[in-house]
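Architecture and fold: a report
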Amino acid sequence: MVLTLSAQALLWIWFLGCTTTWRFGKVLLVEGMGIKSAEFTMLCLYSIGLVAHYSFQPKGKWILFVILALWFVIQFFCHWYFTIFGASEGKLKGYNECFKGTARLIPMSENRLIPDLYHIVLHILILLNGVLCLITC
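Here's what I pulled together on the structure shown here. Since the model is a prediction, treat every value here as computed from it, not as a measurement. (Residues numbered from 1 in each chain as written. Predicted model: local features only at pLDDT ≥ 70, side-chain atom pairs only at ≥ 80, totals over all residues. Heavy atoms only, no water.)

Points about the overall build of the protein
Counting its secondary structure elements, the protein contains five helices and two strands. Starting at the N terminus, the α and β elements of the protein follow one another as α-β-β-α-α-α-α. A compact globule built from 137 residues should have a C-alpha radius of gyration of about 14 Å, and the protein, at 16 Å, falls within 12% of that. Its C-alpha atoms give the protein principal-axis dimensions of roughly 45 × 35 × 25 Å. Per-residue burial over the protein gives 39% buried out of 137 residues. Of the contacts formed within the protein by residues at least 6 apart in sequence, a portion of 57% connects residues at least 24 apart. Looking at the protein as shown, the accessible area adds up to about 8,000 Å², and 73% of this sits on carbon and sulfur atoms. Separation between the mean location of the 10 positive side-chain charges and that of the 6 negative ones in the protein comes to 8 Å. (Helix = DSSP H or I, 4+ residues; strand = E, 2+ residues; numbered from the N terminus. Rg over C-alpha atoms; globule rule 2.2 N^0.38 Å. Buried < 20%, exposed > 50% of the residue type's maximum accessible area, 1.4 Å probe, protein only. Contact = heavy atoms within 4.5 Å. Areas by Shrake-Rupley, 256 points an atom, 1.4 Å probe, with all protein chains shown as cover. Lys, Arg positive; Asp, Glu negative; His and termini not counted. Charge placed at Lys NZ, Arg CZ, Asp CG, Glu CD.)

Regarding the nonpolar core
Nonpolar side chains tend toward joint burial in soluble globular proteins. By size, the foremost hydrophobic cluster in this structure holds 20 residues, and its most contacted members are Leu-11, Phe-15, Leu-68, Trp-71, Tyr-118 and Leu-122. Residue assignment for this core shows that the elements contributing at least two residues are α1 (2–15), β2 (27–30), α2 (38–55), α3 (59–85) and α5 (117–136). Sort the elements by how many residues they give to this core and α5 lands first, with five residues. Ignoring anything within four residues of it in the chain, the contact list for Leu-11 reads Tyr-46, Leu-68, Trp-71, Leu-122, Leu-125, Ile-126 and Asn-129. Formed by five residues, the second largest nonpolar core is a distinct cluster that contains Phe-82, Leu-92, Phe-99 and Leu-113. (Core = buried A, V, L, I, M, F, W, Y, C linked by side-chain atoms within 4.5 Å.)

Some thoughts on the layout of surface pockets
By volume, the largest pocket amounts to about 440 Å³. For the largest pocket, the lining is made up of 23 residues, of which Met-33, Glu-39, His-79, Phe-99 and His-119 are closest to its centre. Each residue belonging to the lining of the largest pocket can be placed in one class, and the counts come to 14 nonpolar, five polar and four charged. (1 Å grid on protein atoms, 1.4 Å probe; cavity = no way out; pocket = protein on both sides within 12 Å on 5 of 7 lines; lining within 4 Å. Points joined across faces, edges and corners; volume = space filled by probe spheres on them. Nonpolar A, V, L, I, M, F, W, Y, C, P; charged D, E, K, R; others polar.)

As for the packing of α1 against α2
Remark: α1 packs on α2, axes separated minimally by 10 Å, with the N-to-C direction vectors making an angle of 160°. By the criterion of interaxial angle, the relationship of α1 to α2 is roughly antiparallel. In this structure, the crossing between α1 and α2 has a hand that is left-handed. Each of Thr-4, Leu-5, Gln-8, Leu-11, Trp-12 and Phe-15 in α1 lies in contact with α2, whose residues at this interface are Glu-39, Met-42, Leu-43, Tyr-46, Ser-47, Leu-50, His-53 and Tyr-54. Residue composition of the contact of α1 with α2, grouped by class: nine nonpolar, four polar and one charged. (Axes fitted to C-alpha atoms, helices over the stretch in contact; angles between N-to-C directions. Parallel < 35°, antiparallel > 145°, perpendicular 65-115°, else oblique. Left-handed = near helix turned anticlockwise from the far one by under 90°.)

Comments concerning α3
Counted at 1.5 Å a residue, the expected span for α3 with its 27 residues is 39 Å, and the 36 Å between its end C-alpha atoms agrees. Maximum bend of α3: about 45°, positioned at Phe-77. What α3 keeps buried is the set Gly-60, Lys-61, Leu-64, Ile-67, Leu-68, Trp-71, Gln-75, His-79, Phe-82 and Thr-83. Immediately beyond the C-terminal end of α3, within one or two residues, lies Gly-86, with a positive phi of roughly 95°. (Expected span 1.5 Å × (residues − 1). Bend = angle between axes of the 7 residues up to and from the residue.)

Structure below.
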């Protein structure tokens with residue numbers, strides 16, 4: 001229970017970075033898109049899922065799981081699909097331009113879309129929360 005709650009809180013706080021820019025000194029972790037963005041909508045859906053998870057047992061856990069699964073699929077097709085299967089020149093150029101200043105584990109590539117540090121951690125946290133949700137269901 002403590003692990004699940006901690007993972008949920010960490011994901012919520014981490015994803016808040018998609019609406020608020022997070023910079024540590026000169027290192028840009030993520031540039032927030034604001035409250036008028038699809039990212040903020042997803043943060044609201046995740047928040048609703050968390051409320052359902054804790055308020056409407058046992059159905060609430062499944063509501064949260066569906067939201068996490070949807071979120072993971074969206075993230076896969078926005079990032080990892082293009083990493084695995086390749087991206088058009090325009091998609092790659094646009095992606096690299098959008099995330100050019102962010103912190104990275106793996107250097108940006110001119111040939112393959114490589115998610116930045118923020119998105120790698122985000123995707124791990126979404127997956128972890130989905131697994132924990134299934135385990136507790």
